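# Observations on chain architecture
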There are 2 protein chains.
Amino acid sequence: MRLYRLSAALMAAIGLLALPAAADTSKATPTAKELLAKSKPSEWRTPDPQNLLYMQLPQGRVVIELAPDFTPLHAANIRTLVREHYFDGLAIIRVQDNFVTQWGDPNDDDNGDKSKIKPLGSAKRTLAPEYTRAIDATLPWTALPDGDVYAPQVGFSEGFPVARDPASGREWLVHCYGMVGVARDVAPDSGNGSSLYVAIGQAPRQIDRNLAVAGRVLEGMAHLSGLPRGTGALGFYTQAGQRVPILSVKLASDLPPAQREKLQVLRTDSATFAAIIDAKRNRRDAFYTLPAGKIDLCNIDVPVRVEATASDKH
Amino acid sequence: MRLYRLSAALMAAIGLLALPAAADTSKATPTAKELLAKSKPSEWRTPDPQNLLYMQLPQGRVVIELAPDFTPLHAANIRTLVREHYFDGLAIIRVQDNFVTQWGDPNDDDNGDKSKIKPLGSAKRTLAPEYTRAIDATLPWTALPDGDVYAPQVGFSEGFPVARDPASGREWLVHCYGMVGVARDVAPDSGNGSSLYVAIGQAPRQIDRNLAVAGRVLEGMAHLSGLPRGTGALGFYTQAGQRVPILSVKLASDLPPAQREKLQVLRTDSATFAAIIDAKRNRRDAFYTLPAGKIDLCNIDVPVRVEATASDKH
């Protein structure tokens, strides 16, 4: 009973279920599910298929949305690598607990066979860092009201968590859970997208502005976060058989439309997203008796759905 | 090469390796490993074996330190449950991505067989909530300098992440990664320690002060975080075979001393811990070119080690 009740309350909290019928819901904040159910079609964005990577693992598919408005050179280089099948046959090589899952060429590593390193083809070997960019006032910006430990301002832009520093006029993508970054060598221009990582624990904010962030996992995050941790230094797998093979990475735009996933992302400049943030800040229901009254940037997950069908719209 | 270099730099950052010999370390902040190597024996605390739970899973052992100064009734009830072998034969029943891994009695759930619910023995069915406590000025307190989105003050006390509200005179354990909480029913007094959860993603700060926090995982966190996520609502496993069996949970104090682990926790009121926080706030080395200058409470993991042997001391 206890577990169920916790479940029901948390389901309500995360929007999977309505509150139990018996609960006093008169003062309850709406759930994300309730708010999403009332959203308008225009509040949802269908990502550009040129920005969607489909990474096929044995466990299933991971869908990543690139962020070319923030890291355009990296998005372009990753597209080149994908189109030349660079990632096909590579692997997840490292899972470091409470930090990152990283994938790329196992031979491009200290213990790898350097003679077998996969060539980058026509992709560039080095790129300008793109750790930050000039604040673009033309991009939509949804500021959060509760401050941030690391940055003067935080909020969302085009579906991504962003920090801003008005004093320097710079903004950057934040390493929240599920954000995908570009591994690099010591040289700041040495990241080229051939090895990527995703944040799987407490947001590693100390690497913000020290690495380029390429995008966000929209679907299949559990295939990356729920892996056994590597037992080598930094979570590297110590045996080849522990690595998860990457069957293929494809761009959605290179697939026939019928084979593309019908994913939509809630617009972060929509009224529904603002209402969800407000409800999460002031959560009050049968289970939550003391609302936090605040929310951290990385405690907000931008909703993703499968595009509503005709029947969903009724 | 790139992966290795990233590895080396990050190893340095997290204290597993010194910086590559070729790097310019003249302006580098010391690593945690370097600071820990210089720590004094008196800066390490050996937890009271009455506060240490050994949870044996097929994958290995998880060690949890209870926090009786913050949640004494829960610590006492959990000890009673453990001593009466309540947890032996139960299971990990739920892994919800970016939230919690939870364990307890699979039958004490909506889909369980109520007739088979394991009795609590002499443990109490209900407990006073213990979500917060009066600030105890006699406990050591190491305040962090960079603020917090959720609480007026944050810092460490006795090895645990703690938030304080001087206005109300209350303090509470924070749901950082690896902190262990007490599942409950809707009624605030319905948590009794028979089902526990651990935070496995971005710190779910919204549940602070809404649930009792019982302690922290000192060892074996990867056995809880690196599990496949449940595919049912809230991450519940949908089939019995997916659950991870709990072979046993024992109190260290109930084992002969020779069978106890020699774990030590760095004192959070020590000079070395203060130096580690400072180094993490101002990380500068060959890889990190832009130190954050700040740190969030939940980005600090209190160091744990196996007690130094005679040879380590040289």
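Bear in mind the structure is a predicted one, so any value in this text is a computation, not a measurement.

Analysis parameters
- Every chain is numbered on its own, with residues counted from 1 as its sequence reads.
- Following the order in which they are written, the chains are lettered starting with A and the ligands numbered starting with 1.
- Only residues with pLDDT of at least 70 get local features here, since the model is predicted, and only at 80 or more are side-chain atom pairs given and counted; chain-wide, interface and lining totals rely on the full set of residues.
- Secondary structure elements follow DSSP: runs of H or I no shorter than four residues count as helices, runs of E no shorter than two count as strands, and numbering proceeds from the N terminus.
- Remark: C-beta atoms are placed from the backbone, and a residue is labelled buried if 20 or more other C-beta atoms sit within 10 Å of its own, exposed if 12 or fewer do, or partly exposed between those counts.
- Two residues qualify as being in contact provided that their C-beta atoms, derived from the backbone, are within 7 Å of each other.
- One requirement defines pairing of two strands: DSSP has to find at least two bridges between them.
- Angles run from 0 to 180 degrees between N-to-C directions of axes, and those axes are lines fitted to C-alpha atoms, restricted for helices to the stretch in contact.
- Note: the arc covers the axis-to-C-beta directions of the helix.
- The term nonpolar core refers to a group of buried residues, namely Ala, Val, Leu, Ile, Met, Phe, Trp, Tyr and Cys, whose C-beta atoms join them within 7 Å.
- Domain start and end points were adopted from an automatic or database domain assignment.
- Multiplying 1.5 Å by the residue count of a helix minus one yields the expected span of that helix.
- pLDDT measures the predictor's confidence residue by residue and takes values from 0 up to 100.

Bringing the overall build of chain A into the picture now. Secondary structure summary: chain A contains 5 helices and 17 strands in total. Looking at the 314 residues of chain A, the share that counts as buried comes to 51%. At a minimum sequence separation of 6, the contacts of chain A that also span at least 24 residues come to 68%.

On to the sheet that holds strand β14 (residues 244–245) of chain B. Within a sheet, each strand pairs with its neighbour through backbone hydrogen bonds, oriented either parallel or antiparallel. Residues and elements named next belong to chain B. Ordered by their spatial adjacency, 9 strands build an open sheet running β14-β4-β5-β12-β11-β13-β3-β2-β15, and the pairing between neighbours is antiparallel. Every other strand in the sheet has two partners, leaving β14 and β15 (248–251) as the edge strands with one partner each. The pairing of strand β11 (residues 179–182) with strand β13 (residues 213–219) spans 3 bridges and is classified as antiparallel. Across the sheet, the residue bridging to G181 is V213, located in β13. Most of the contacts of helix α3 (residues 72–83) go to β15, to which it runs at about 120°, and overall it touches β2 (52–57), β3 (60–66), β11, β13 and β15.

Attention now moves to helix α5 (residues 271–281) of chain A. Every buried residue belonging to α5 of chain A is among F273, I276, I277, A279 and K280 of chain A, and all of these are buried. The arc that holds the buried residues of α5 of chain A, viewed along the axis, is 165°, so those residues lie on one side.

With that settled, consider the pairing of strand β8 (residues 153–157) of chain A. Residue and element names in this part refer to chain A. A large share of β8 lies buried, amounting to 4 of its 5 residues. Inspection of the sheet shows strand β7 (residues 142–143) paired to β8 by 2 bridges, in the antiparallel sense. For A143, the partnering residue across the bridge sits in β8 and is G155. As judged from the 5 bridges shared by β8 and strand β9 (residues 160–165), these two strands associate in the antiparallel manner.

The next point concerns the sheet that holds strand β5 (residues 100–104) of chain A. Residue and element names in this part refer to chain A. The strand order β14-β4-β5-β12-β11-β13-β3-β2-β15 describes an open sheet built from 9 strands, whose pairing is antiparallel. Among the strands making up the open sheet, the edge pair consists of β14 (244–245) and β15 (248–251). Relative to the sheet, helix α3 (residues 72–83) contacts β2 (52–57), β3 (60–66), β11 (179–182), β13 (213–219) and β15, its axis offset from that of β15 by approximately 120°.

This next bit is on the nonpolar core. Core analysis: the largest hydrophobic core is formed by 161 residues, its most contacted members being V174 and A214 of chain A together with V174 and A214 of chain B. Tallying contributions element by element places β2 of chain A first for this core, with 5 residues. Counting only domains with at least three residues in this core, you end up with domain 1 (2–45 + 269–313) and domain 2 (49–264) of chain B. Other than its neighbours up to four places away in sequence, A214 of chain B contacts L66, A67, T71, H74, A75, I78, V180, G181, V182, G193 and L196 of chain B.

So, on to the pairing of β3 of chain A. All names here are of chain A. With 5 of its 7 residues buried, β3 lies for the most part within the structure. Inspection of the sheet shows β2 paired to β3 by 6 bridges, in the antiparallel sense. The residue of β3 that forms the bridge with Q56 is R61. Where β2 hands over to β3, the hairpin turn is made up of 2 residues, counted between the paired strands. Alignment of β3 against β13, held across 4 bridges, turns out to be antiparallel. What sits directly across from E65, in β13, is R216.

With that out of the way, let us pick up α3 of chain B. All names here are of chain B. Between its terminal C-alpha atoms α3 stretches 16 Å, which fits the 16 Å expected from 12 residues at 1.5 Å a residue. Within α3, the full set of buried residues consists of H74, A75, N77, I78, R79, L81 and V82. Lining the buried residues of α3 we find β2, β3, β11, β13 and β15. Positive backbone phi, at 65°, marks H85, one or two positions downstream of α3.

With that settled, consider the confidence of the model for chain A. Reading predicted coordinates in detail is not appropriate for stretches of low pLDDT. All names here are of chain A. Per-chain confidence: chain A averages 90 in pLDDT, with 89% of residues scoring 70 or above. Counting contacts from residues 1–25, a segment whose pLDDT is below 50, to residues more than four positions away or on other chains yields 60 contacts. Throughout residues 310–314 the model reports pLDDT below 50, and contacts reaching past four residues in sequence, or to other chains, amount to 1 contact. Confidence metrics for the complex model read pTM 0.92 and ipTM 0.91.

All names here are of chain A. Looking at the secondary structure, you find S42 in the loop between α2 (32–37) and β1 (44–45). Note on S42: 8 C-beta atoms within 10 Å, which makes it exposed. As a C-alpha pair, S42 and R267 span 225 residues in sequence and 8.6 Å in three-dimensional space.

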